[in-house]
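Notes for the structure review
Letter by letter, the chains look like this.
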Amino acid sequence: MATSKLQALWNHPAGPKTIHFWAPTFKWGISIANVADFAKPPEKLSYPQQIAVAATGIIWSRYSTVITPGVLQMSNELRNEKRTRRKREFCIMRAFDILCLLCELAETAVMLIYAMILFSILSFCPHTLMKNWNLFSVNVAMAGTGLYQLSRKIRHDYFSESEEAAVAKE
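Residues numbered from 1 in each chain as written. Predicted model: local features only at pLDDT ≥ 70, side-chain atom pairs only at ≥ 80, totals over all residues. Heavy atoms only, no water.

Digging into the overall build of the protein chain
Basically, it comes down to this: Each helix is a run of DSSP H or I of at least 4 residues and each strand a run of E of at least 2, with the numbering of both proceeding from the N terminus. Per-residue accessibility, obtained with a 1.4 Å probe over protein chains only, is compared with the maximum for each type, and a residue is labelled buried under 20%, exposed over 50%, and partly exposed between these values. In this analysis, two residues are considered to be in contact whenever any of their non-hydrogen atoms come within 4.5 Å of each other. Methods summary: accessible areas were calculated by the Shrake-Rupley approach with a probe of 1.4 Å, and residue burial reflects only the protein chains presented.
On a plain count of helices and strands, the protein chain comes out with six helices and zero strands. Ordered by position from N to C terminus, the α and β elements of the protein chain give α-α-α-α-α-α. Looking at the 170 residues of the protein chain, the share that counts as buried comes to 31%. The contacts in the protein chain between residues at least 6 apart in sequence include a share of 76% that link residues at least 24 apart. On the protein chain, roughly 10,900 Å² of surface is accessible, and the fraction owed to carbon and sulfur atoms is 66%.

In structure tokens, the structure reads:
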């Protein structure tokens, strides 16, 4: 049983023998480094870097759901792809709505956990075809960490001064 699952993973179009596995796996390093920067003071964060991380995550989260690893060989699969596209997109948008709601309700340090919950929801979504969910989840994590770092920087640069002035008046 375990051997067949390992063999299925090994032979998967987005398995360890392909760039579709290794590129997103190494991309996790960016998200992990951004999480490590949560301890950095906000004044040391860079707007261009965090905008690039967040924009890359947002843009590629969408396109990673369109990219199908490997080559579809059967015309039936292509027809099924077109037939279920709307259902898949609806399911993905529902999952994004859930993620946004959860992120509004929780601490930002938990955002990566919510990204993994979203990953799990999408993995079991009945309308999804073979996709590279490693690529999708790393991009959601990049978007989340980049947006969180940007919010920290903006709060520090624009809102902490008004709070200091209000305290000084008292």
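Examining helix H2 (residues 19-36)
Rules: Expected helix span is taken as 1.5 Å per residue step, with the number of steps being one fewer than the number of residues. For this quantity, the arc is that covered by the directions from the helix axis to the C-beta atoms.
With 18 residues, H2 should cover 26 Å at 1.5 Å per step; its first-to-last C-alpha distance of 26 Å lies within 8% of that length. Every buried residue belonging to H2 is among Pro24, Lys27, Ser31 and Asn34, and all of these are buried. Buried positions in H2, seen along its axis, are confined to an arc of 65° and lie on one side of it. Residues of H2 that are exposed and point more than 90 degrees away from the buried face comprise Phe26, Ile32 and Ala36.

A closer look at the pattern of salt bridges
Put simply, the rule is: Any carboxyl oxygen of Asp or Glu within 4 Å of a side-chain nitrogen of Lys or Arg constitutes a salt bridge here.
Enumeration over the complete set of coordinates arrives at one salt bridge. Linking lysine 153 and aspartate 157 is a salt bridge whose minimum nitrogen-to-oxygen distance equals 3.7 Å. Linking lysine 153 with aspartate 157, this pair stays in helix H6 (residues 133-169), spanning four residues, or about one helical turn. By relative accessible area, aspartate 157 is classed as partly exposed at 23%.

Some remarks on the packing of aromatic side chains
The condition is simple: Stacked, edge-to-face and tilted are the three classes for Phe, Tyr and Trp ring pairs, Trp counted by its six-membered ring, which pair at centre distances within 6.5 Å; planes under 30 degrees apart are stacked, over 60 edge-to-face, the rest tilted. Each ring is checked for a lysine NZ or an arginine CZ that lies within 6 Å of its centre and within 35 degrees of its normal; such an atom marks a charge sitting over the ring.
This model, assessed by the stated rule, comprises five aromatic pairs. Between phenylalanine 21 and tryptophan 22 the ring centres are 4.7 Å apart and the planes differ by 90°, which places this aromatic pair in the edge-to-face class. Measuring from ring centre to ring centre gives 4.7 Å for phenylalanine 38 and tyrosine 148, while their planes differ by 75°; the resulting arrangement is edge-to-face. Pair noted here: phenylalanine 38 is in the loop between H2 and helix H3 (47-64) and tyrosine 148 is in helix H6, with a separation of 110 residues, a long-range link. Residue phenylalanine 38 is classed as partly exposed on the basis of its relative accessible area of 22%. Every member of this aromatic cluster is reached through a ring pair, and the members are Phe21, Trp22 and Phe26. One Lys or Arg, arginine 62, reaches over the ring of tyrosine 63 and ends 6.0 Å from the middle of that ring.

Quick look at the side chain of threonine 145
We count it as follows: We define a polar contact as two N or O atoms separated by no more than 3.5 Å, with the added condition that, inside protein, one atom must be a possible hydrogen donor and the other a possible acceptor, whereas residues neighbouring each other in sequence contribute only through side-chain atom pairs.
Turning to its location among the elements, threonine 145 is positioned in helix H6. Within the local environment of threonine 145, its side chain forms a polar contact with the backbone oxygen of methionine 142, the two atoms lying 3.3 Å apart.

Looking at the environment of isoleucine 67
Tracing the backbone shows isoleucine 67 in the loop between H3 and helix H4 (75-105). A sequence separation of 64 residues divides isoleucine 67 from lysine 131, and the C-alpha atoms of the two residues are 7.0 Å apart. Each residue touching isoleucine 67, except ones within four places of it in the same chain, is listed here: Trp60, Lys131 and Leu135.

Without other data, these values stay purely geometric and don't point to any function.
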